[in-house]
Amino acid sequence: MTLLITGSAGFIGFHLAERILEAGERVIGIDNLNAYYDVALKRARLTRLERHKSFAFHQLDVADYEGVMGLIERHPDIDRIVHLAAQAGVRYSLSNPLVYVESNLKGQVVMLEAARQIKGLRALIYASSSSVYGANEKRPYSVEDRADHPVSLYAATKRAGELIAESYCRSYGMSAIGLRFFTVYGPWGRPDMALYLFTDAILAGQPIKVFNNGEMSRDFTYIDDVTSAVVAAIGLPTGQPGEHRIYNIGNNRPETLLDFIATLERALGRTAVKQMAPMQLGDVVSTYADIGPARRDLGFAPTTPISEGIARFVAWYREYNGLS
């Protein structure tokens with residue numbers, strides 16, 4: 001197969017591309033390499049991918065209609081798309097809203113238009129987020145639950161992306177799969193995420209901000225478990241015309257923020273200086289994934305506890321940053 005991965009220099013995109021390449025398949029990756037976080041980290045990921053002869057990279061924004069269409073024309077062998085590129089970050093969306101509209105809405109439409117042009121497309125998979133559940137109080141979150149009370153613009157754009165995909169499936173007889181990722185973490189992770197921020201601060205002897213006084217929980221999901229789910233989705237039989245499926249991809253086991261910090265402290269051999277803070281705008285108290293449909297259809301069975309996942313992240317962090 002020839003797989004087009006958008007956001008291939010990003011956290012999930014990099015891990016997925018590496019796994020597909022190691023299986024001997026061909027990957028075409030695109031990424032705009034924006035400066036939302038350290039571009040050097042993105043380039044370091046690409047350097048690892050470029051060791052594979054079957055990897056081709058194009059610096060390209062998914063919202064660039066002509067650029068994406070030109071790419072599709074130059075690579076008629078593309079038969080699967082995994083669209084992971086997006087502007088991430090709940091808090092950043094509060095101060096930079098138009099970036100999210102451009103990337104997460106226009107980019108979604110452009111990729112759906114691109115998919116329409118590919119004859120014999122075997123799979124179209126795109127990234128959504130647990131953020132779509134917003135102010136929902138029912139736990140665990142089920143894909144059958146309503147998702148129309150977002151508490152951030154980021155969440156609203158991800159939910160809108162799902163609805164746009166639904167409209168394309170219904171209008172053009174396409175099939176698509178949306179994956180709602182729950183707090184993905186692990187080696188090569190994003191520097192704006194809590195695990196990376198906390199590690200930076202603890203090793204520097206700086207305080208960490210603990211929001212809502214620590215009374216929060218997240219369904220932290222290790223990156224290898226996530227890529228297993230995406231690979232399984234890629235391997236599903238092509239959906240029926242008009243079929244649009246959505247799955248929760250989470251660990252199915254929420255961890256409290258304070259337990260998460262304690263696990264990180266043990267892995268680092270350091271004690272965090274905690275600075276308690278109120279709840280942040282756009283945040284939610286807890287997330288918890290019902291993964292029943294993903295277990296049934298994808299064979300999804302996450303196996304990595306946070307003790308193991310955090311230890312792997314810390315080992316990578318030390319190596320990447322040249323720390324003993």
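Residues numbered from 1 in each chain as written. Predicted model: local features only at pLDDT ≥ 70, side-chain atom pairs only at ≥ 80, totals over all residues. Heavy atoms only, no water.

K.L.:
I'm lost on the environment of Val-273 in this one. Help?
P.N.:
Examined against the element boundaries, Val-273 turns out to sit in strand E13 (residues 273–277). Residues Val-273 and His-58, 215 residues apart in the sequence, show an inter-C-alpha distance of 43 Å. Among all residues touching Val-273, those that are not within four sequence positions of it are Gln-206, Pro-207 and Ile-208. (Helix = DSSP H or I, 4+ residues; strand = E, 2+ residues; numbered from the N terminus. Contact = heavy atoms within 4.5 Å.)

K.L.:
Before we go on, may I ask you to explain helix H3 (residues 65–74) in this structure?
P.N.:
An α-helix turns once every 3.6 residues. As a result, residues three or four positions apart point the same way. Where H3 is concerned, the buried positions are Gly-67, Val-68, Met-69, Gly-70, Leu-71 and Ile-72. In this structure, the buried side of H3 is in contact with strand E1 (2–6), strand E2 (26–31), strand E3 (55–59) and helix H5 (97–117). (Buried < 20%, exposed > 50% of the residue type's maximum accessible area, 1.4 Å probe, protein only.)

K.L.:
Just checking my understanding: could you explain the packing of aromatic side chains for this structure?
P.N.:
For any two aromatic rings, the description comes down to two numbers: the centre-to-centre distance and the angle of the planes. Overall, the coordinates contain 20 aromatic pairs when judged by the stated rule. Their ring planes at 45° and their centres at 5.3 Å tell us that Trp-188 and Trp-316 sit as a pair that is tilted. One end of the pair, Trp-188, is in the loop between strand E7 (184–185) and helix H7 (194–204); the other, Trp-316, is in helix H11 (residues 306–320), and 128 residues separate them in sequence. Under the relative-accessibility criterion, Trp-316 is labelled buried at 8%. Taken together, the ring pairs in this structure connect Phe-14, Trp-188, Tyr-196, Phe-313, Trp-316, Tyr-317 and Tyr-320 into an aromatic cluster. Over the ring of Tyr-37 we find Lys-42; its NZ or CZ atom is 4.6 Å from the centre of that ring. Sitting over the ring of Tyr-172, Arg-116 keeps its end group 3.8 Å from the ring centre. (Phe/Tyr/Trp six-rings, centres within 6.5 Å; stacked < 30°, edge-to-face > 60°. Lys NZ or Arg CZ within 6 Å of the ring centre and 35° of its normal.)

K.L.:
What am I meant to see in unusual backbone geometry here?
P.N.:
Most peptide bonds take the trans form, and the phi angle of most residues other than glycine is negative. Backbone torsion omega between Arg-139 and Pro-140 reads -5°, so that peptide bond is classified as cis. Here Pro-140 is to be found in the loop between strand E5 (123–129) and helix H6 (153–172). The backbone phi angle of Leu-33 is positive, close to 50°, even though this residue is not glycine. Among the structural elements, Leu-33 can be located in the loop between E2 and helix H2 (39–49). For Asn-212, which is not a glycine, the phi torsion comes out positive at approximately 55°. Residue position: Asn-212 is located in the loop between strand E8 (207–211) and strand E9 (217–218).

K.L.:
Where do I start with the side chain of Asp-79 in this structure?
P.N.:
Summarising the element assignment, Asp-79 is placed in the loop between H3 and strand E4 (80–83). When its relative accessible area of 17% is taken as the criterion, Asp-79 is described as buried. A distance of 3.1 Å separates polar atoms of two side chains, one belonging to Asp-79 and the other to Arg-80. Here Asp-79 is in contact with Met-1, Thr-2, Gly-120, Leu-121, Arg-122 and Ala-123, once residues within four sequence places are set aside. (Polar contact = N/O pair within 3.5 Å; in protein donor to acceptor, adjacent residues only side chain to side chain.)

K.L.:
Is there a simple way to think about the environment of Gln-206 in this case?
P.N.:
You can see Gln-206 is positioned in the loop between H7 and E8. Look at Gln-206 and you get partly exposed, because its relative accessible area is 46%. Linking Gln-206 and Ala-272, residues 66 residues apart in sequence, is a C-alpha distance of 8.0 Å. Ignoring sequence-local partners within four residues, the contact set of Gln-206 consists of Ala-201 and Val-273.

K.L.:
Is there a simple way to think about the pattern of salt bridges in this case?
P.N.:
Under the counting rule described, the total for this entry stands at 19 salt bridges. As a salt-bridge pair, Arg-48 and Glu-18 come within 3.1 Å of each other at their nearest N and O atoms. Placement of the pair is Arg-48 in helix H2 and Glu-18 in helix H1 (residues 11–22), with a sequence separation of 30 residues. Take Glu-18: its relative accessible area is 13%, and that puts it in the buried class. Close ionic contact of Arg-253 with Glu-255 constitutes a salt bridge, the shortest N to O distance being 3.6 Å. A residue is classified by how much of its surface remains accessible, and Arg-253, at 53% relative accessible area, is exposed. When salt bridges that share partners are traced, they join Arg-91, Arg-218 and Asp-283 into one network. (Salt bridge = Lys/Arg side-chain N within 4 Å of Asp/Glu carboxyl O.)

K.L.:
Is there a simple way to think about the sheet that holds E1 in this case?
P.N.:
In a beta sheet, neighbouring strands are held together by backbone hydrogen bonds and run either parallel or antiparallel to one another. The strand order E3-E2-E1-E4-E5-E6-E11 describes an open sheet built from seven strands, whose pairing is parallel. Of all the strands in the sheet, the pair left with one neighbour each is E3 and strand E11 (244–249). In this sheet, adjacent strand axes meet at a mean angle of 20° when their direction is disregarded. Pairing of E4 with E5, which is carried by four bridges, proceeds in the parallel orientation. Of the residues in E5, the one forming a bridge with Val-82 is Ile-125. Its contacts with the sheet place H6 against E5, strand E6 (176–181) and E11, and it is angled at close to 155° to E5. (Pairing = 2+ DSSP bridges. Axes fitted to C-alpha atoms, helices over the stretch in contact; angles between N-to-C directions.)

Read these as geometric descriptors, not functional statements.
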